[in-house]
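# Residue-level structure breakdown
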Amino acid sequence: KDVIYTAYFAHCARLTGRAAAVLGKASEAEPYEQLFIAIHEAFFRAYVTADGRIKGDTQTCYALALAFDLVQGEQAKLAAKYLVEDIEKRGWHLSTGFIGTKSLLLVLSQIGRPDVAYRLLHNDTFPSWGFSIKQGATSIWERWDGWTPEKGFQDPGMNSFAHYSFGAVYQWMVENIGGIRSAAPSYKEIRIAPQPDDKLKSAAVAYRSIRGLITTDWKEKDGNLLFNVTIPANTTAQVALPATSAADITESGYPVEQAHGVQFLRVDSPNVILSVGSGHYAFAVAQPR
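Here's what I pulled together on the structure shown here. (Residues numbered from 1 in each chain as written. Predicted model: local features only at pLDDT ≥ 70, side-chain atom pairs only at ≥ 80, totals over all residues. Heavy atoms only, no water.)

## Thoughts on the packing of aromatic side chains
Applied cut-off: Geometry of aromatic contacts follows a simple scheme: Phe, Tyr and Trp rings, the Trp one being its six-membered ring, pair when their centres are within 6.5 Å, and the pair is stacked under 30 degrees between planes, edge-to-face over 60, tilted otherwise. A run of H or I in DSSP becomes a helix once it reaches four residues, and a run of E becomes a strand once it reaches two; helices and strands are each numbered from the N terminus. Each residue is placed in one exposure class: buried if its accessible area under a 1.4 Å probe, protein chains only, is under 20% of its type's maximum, exposed if it is over 50%, and partly exposed if it falls in between.
Under the criterion given, the structure shown has 10 aromatic pairs. Aromatic pair Y62 and Y82: ring centres 5.8 Å apart, planes at 50 degrees, arrangement tilted. Of this pair, Y62 sits in helix α3 (residues 59-67) while Y82 sits in helix α4 (residues 73-89), placing them 20 residues apart in sequence. In terms of burial, Y62 and Y82 fall into one category: buried. Here Y187 and Y207 contribute two aromatic rings whose centre-to-centre distance is 5.4 Å and whose plane-to-plane angle is 35 degrees, an arrangement assigned as tilted. Pair noted here: Y187 is in the loop between β3 (180-182) and β4 (189-192) and Y207 is in strand β5 (residues 202-209), with a separation of 20 residues, a long-range link. Given the relative accessible area of 31%, Y207 is considered partly exposed.

Written out as structure tokens, the structure is:
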């Protein structure tokens, strides 16, 4: 528990400092950033060994350390390695609870392993979201083992079947399946960069931001990737689409250079980066044959 408490103490200090900076309160931001640094150093001394192991050696402790920037450089690479190894040795299953689940898939994408994140999402054996769905769940359970074929119902004193808890995975779904991320405070600027995987042939994702509803949906059709996106008023967005050149992309049937409200920015392999204003866009991306 002390690892968890210290990690969240550091995270809260950094969040408060960043909030102060965004609000133009530089004199208040600096002490909180210094507090984060002090907690980070104490965390490292107390809980991180020379070989990069973190006290507890759990998926949660590695996920929190990476999510909250409490390990860097070689230590971060080792933490990422141990995290993936632990998932693999459990038959590619998660072991996080209430505290660690929110960060787990986000961190896997952060360290360049969205394939592992998708693997966890697609699981339908215990413990997983898919397992709950197979048992008839239509809302998030408080416990992974709220009901199992072997044991039936868990202790009714702590066994809600309509509980936010592990539902925190939706942030990862919005940011990666839908590709919707804030690129500036309060979604004034948005980055759209969906990350499909081989098992998904289509997806529709929505997020009701403070600026308004942001939606994306995509599907494969006739060898093309069809991608629709809606950007709310008074915002701009950069859209990353998997293509080798702008010539592979159309919007509402028009080449990108002729499409209203769309501007080609650059090629950032494996994506083409476009700039768009508020409105609805229907992109088609020709896939390599």
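Next, the rest of the story.
## Re the sheet that holds strand β10 (residues 254-255)
To keep it simple, the criterion reads: Strand pairing is defined by DSSP finding a minimum of two bridges between the two strands. Any two residues whose heavy atoms approach within 4.5 Å are treated as being in contact. All axes here are fitted lines through C-alpha atoms, helices being fitted over the stretch that makes contact, and every angle between N-to-C directions spans 0 to 180 degrees.
Strands sit in the order β5-β6-β7-β13-β9-β10 across an open sheet of 6 strands; the sheet is antiparallel. Each end of this open sheet is capped by a strand with a single partner; those strands are β5 and β10. Sheet topology places strand β7 (residues 224-231) next to strand β13 (residues 279-286); 8 bridges connect them, and they run antiparallel. In the strand pairing of β13, N224 is matched with A286. The sheet contacts of helix α8 (residues 170-177) involve β5 and β6 (212-221), and relative to β5 the element is tilted by about 115 degrees.

## Brief notes about the sheet that holds strand β11 (residues 262-268)
In space, the 5 strands of this open sheet follow the order β3-β4-β8-β12-β11, with mixed pairing throughout. If you trace the sheet from one side to the other, it starts and ends with β3 and β11, each paired once. For this sheet the average axis-to-axis angle between neighbouring strands, irrespective of direction, equals 25 degrees. Here β3 runs beside β4; their pairing, made up of 3 bridges, is antiparallel. The residue bridging S182 from the neighbouring strand is I190, located in β4.

## Overview of the side chain of D86
On the secondary structure map, D86 appears in helix α4. For D86, the residues in contact, after removing those within four places along its chain, are D57, Q59 and S95.

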